[in-house]
Amino acid sequence: MLKNNKALILFVLLFISLAMTAGAQQPGIKANAKSGQENIDETFYKQLKLTTGKDDALIYQAMGMGYFEQEKFDKSYEFFKKAVKLNPRLYWSWYYLGLLRMESPEEYFKKAIGAAPQFAPPYYWLARYYCKAKNIKESMRYFQEYLNVAKDSFDESERVKTAKYFIISMQDGETDYDAIAK
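Residues numbered from 1 in each chain as written. Predicted model: local features only at pLDDT ≥ 70, side-chain atom pairs only at ≥ 80, totals over all residues. Heavy atoms only, no water.

Undergrad: Any chance you could break down the overall build of the chain for me, citing the residues and the numbers?
TA: Secondary structure summary: the chain contains 10 helices and 0 strands in total. When the helices and strands of the chain are read in sequence order from the N terminus, they spell out α-α-α-α-α-α-α-α-α-α. With 182 residues in all, the chain has 42% of them scored as buried. The long-range fraction of contacts in the chain, counting pairs at least 24 apart against all pairs at least 6 apart in sequence, stands at 51%. (Helix = DSSP H or I, 4+ residues; strand = E, 2+ residues; numbered from the N terminus. Buried < 20%, exposed > 50% of the residue type's maximum accessible area, 1.4 Å probe, protein only. Contact = heavy atoms within 4.5 Å.)

Undergrad: If you had to explain the confidence of the model for the chain to someone new, which residues and values would you point to?
TA: Taken as a whole, the chain shows an average pLDDT of 84; of its residues, 74% reach a score of 70 or greater. Note on residues 18-33: pLDDT is under 50 here. Beyond four places in sequence and across chains, it has 13 contacts. (pLDDT = per-residue confidence, 0-100.)

Undergrad: So, the nonpolar core: which residues are in play, and what are the values?
TA: Among the nonpolar cores identified, the biggest contains 39 residues, and F143 and Y146 are the most heavily contacted of them. The set of elements that each furnish at least two residues to this core consists of α4 (73-86), α5 (91-100), α6 (106-115), α7 (121-132), α8 (136-150), α9 (157-171) and α10 (177-181). If near-sequence neighbours (up to four positions away) are discounted, F143 is found in contact with Y124, A127, R128, A163, F166, I167 and M170. One finds I59, M63, F79 and L90 within the second-largest nonpolar core, a separate group that totals 8 residues. (Core = buried A, V, L, I, M, F, W, Y, C linked by side-chain atoms within 4.5 Å.)

Undergrad: How would you summarise unusual backbone geometry if you had to cite specific residues and measurements?
TA: The residue E71 is not glycine, and still its phi comes out positive at about 60°. Within the secondary structure, E71 sits in the loop between α3 (56-69) and α4. The phi dihedral of K134 falls on the positive side, at around 65°, and the residue is not glycine.

Undergrad: Report on the packing of aromatic side chains, specifying residues and quantitative values.
TA: Under the criterion given, the structure shown has 22 aromatic pairs. Taken together, a centroid distance of 5.9 Å and an interplanar angle of 35° make the contact between Y60 and F79 tilted. Taken together, the residues span a long stretch of sequence, with Y60 in helix α3 and F79 in helix α4 at a distance of 19 residues. F79 matches Y60 in its accessibility class, with the two residues each being buried. Between W92 and F119, the ring centres sit 4.7 Å apart and the planes meet at 55°, which makes this aromatic pair tilted. Taken together, the residues span a long stretch of sequence, with W92 in helix α5 and F119 in the loop between α6 and α7 at a distance of 27 residues. (Phe/Tyr/Trp six-rings, centres within 6.5 Å; stacked < 30°, edge-to-face > 60°.)

Undergrad: Can you break down the packing of α7 against α8 residue by residue, with the values?
TA: In contact at an axis separation of 8 Å, α7 and α8 are set at 160° when each is read in the N-to-C sense. Classified by the angle their axes make, α7 and α8 are roughly antiparallel. Crossing handedness for the pair α7 and α8: left-handed. Between α7 and α8, the contacting residues are Y123, Y124, L126, A127, R128, Y130 and C131 on the first element and I136, E138, S139, Y142, F143, E145, Y146 and V149 on the second. (Axes fitted to C-alpha atoms, helices over the stretch in contact; angles between N-to-C directions. Parallel < 35°, antiparallel > 145°, perpendicular 65-115°, else oblique. Left-handed = near helix turned anticlockwise from the far one by under 90°.)

Undergrad: An account of the pattern of salt bridges is needed here, citing residue identities and associated values.
TA: A full pass over the atoms with the stated rule returns 7 salt bridges. For R141, the salt bridge identified is with E138, shortest N-O distance 2.9 Å. In this pair, R141 and E138 both sit in helix α8, 3 residues apart, roughly one turn of the helix. Among the ionic pairs, E145 bridges to R141, the shortest N-O distance being 3.1 Å. Of the two residues, E145 and R141 are both situated in helix α8; the distance of 4 residues between them amounts to about one turn of the helix. The partly exposed category is assigned to E145, whose relative accessible area is 25%. The network of salt bridges with common partners includes K75, E78 and K82. (Salt bridge = Lys/Arg side-chain N within 4 Å of Asp/Glu carboxyl O.)

So this is what it looks like as structure tokens:
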């Protein structure tokens, strides 16, 4: 299930990147004007709807990812919020919302975990957030849960090493996030 979603997401990201680049170069479109940006969003939404046949929530999620990749984080946040409003089971959207709001990501990462308990990244980032907030008990709990979920994932191999290092450091009494993260 996750691999099929990844393939769809990669396809849509590529499509959005190409479409947004082309749209930004069209004469007459004012990408920095609010009405112009809304027109671009509507155009891309319609193109994605026609070419993918996916439901609105998945299209909004794909648009959020496209804007995230372009580092347009406010627009990205807006589309991820639209996606989860229509379909609260879209764990990728919850995950990205957490990344976009790292000053207070708990709600978003927990919803990502609730929507897809086998999806490892939210556990990792929630553990790091708790470590930084000096909530060592919760940090260790989520790092351990992360390790349980990610143990066989090649994609997570580097983060698994980092999570183990965080756990060992905290077990040894280190509570300074910056000292551990070095």
